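# Residue-level structural notes
Spelled out, the chains give:
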Amino acid sequence: MITITDEAVDKIKEMLAAEETPNLFLRVGVKEGGCSGFSYGMGFDDEEHGNDEVLTINGLKVVVDSDSTKYLRGLEIDFKDAAMGGGFTIHNPNAIATCGCGSSFRTKEEAGKPNPEQC
């Protein structure tokens, strides 16, 4: 369902190791909003919910809520380390339009709830 490159996995594991909370994992999701209609969410969590899908990607625990899975099929998360402008990038084959900041998108089937003030 989701691909995370080796570079991104390494960076996420490095960030997890720096946290003081045990049993953290990566949570990836989608919510309505952003300038294109849907926004990505990516962060650390230590609590699973009944509607979560649990994945293991290169030894990394990744959790996605069931409402987000249809928007994230085929998603690729990468990490580029650069002197200026490095960071995580997301490639979503389901997105037909994205915003300039890269954190908002819409799909062919659904427009979400665009909010230009959120970008």
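Bear in mind that the values here come from a model prediction, so they are computed numbers and not experimental data.

## What about the overall build of the protein?
Looking only at helices and strands, one finds 2 helices and 9 strands in the protein. The helix and strand sequence of the protein, counted from the amino end, reads β-α-β-β-β-β-α-β-β-β-β. Classification of the 119 residues of the protein by burial places 39% in the buried group. Partitioning the contacts of the protein with sequence separation of at least 6, the portion at a separation of at least 24 is 56%. Accessible surface, the protein as shown: approximately 7000 Å² in total, 45% of it carbon and sulfur.

## A short note on the sheet that holds strand β1 (residues 2-4)
An order of β1-β6-β7 is seen for the 3 strands of this open sheet, with the pairing classed as mixed. Of all strands in the sheet, those with a lone pairing partner are β1 and β7 (87-91), marking the two edges. Pairwise comparison of adjacent strand axes, ignoring direction, gives a mean angle of 20° for this sheet. Summarising the sheet, strand β6 (residues 75-80) and β7 pair through 5 bridges and their orientation is antiparallel.

## Quick word on unusual backbone geometry
A positive phi angle, near 65°, is found at Asn23, a position not held by glycine. Take Asn23: it is sitting in the loop between α1 (6-18) and β2 (25-33). Here the phi dihedral of Asn58 falls at roughly 50°; this positive angle occurs in a residue that is not glycine. Assignment of secondary structure puts Asn58 in the loop between β4 (52-57) and β5 (60-65).

Rules of the game
All residue numbers refer to positions counted from 1 along the written sequence of the respective chain. A pLDDT threshold of at least 70 governs which residues receive local features in this predicted model, and a stricter bar of 80 or more applies before side-chain atom pairs are shown or counted, although totals over entire chains, interfaces and linings include all residues. Only heavy atoms go into the side-chain values, all of them from the structure, while hydrogens and water stay out. Where helices and strands are cited, they refer to DSSP runs of H or I of at least four residues and of E of at least two residues respectively, numbered from the N terminus. Each residue is assigned to one of three classes by its accessible area relative to the maximum for its type, calculated with a 1.4 Å probe on protein chains only: buried under 20%, partly exposed between the two thresholds, exposed over 50%. The contact rule is simple, with two residues in contact once any of their heavy atoms fall within 4.5 Å. For accessible areas, the Shrake-Rupley method is used with a probe of radius 1.4 Å. Any residue's cover is judged against the shown protein chains and nothing else. A pair of strands is considered paired only if DSSP assigns at least 2 bridges between the two. Only the stretch in contact is used when fitting a helix axis, every axis being a line fitted to C-alpha atoms; angles between N-to-C directions are given from 0 to 180 degrees.

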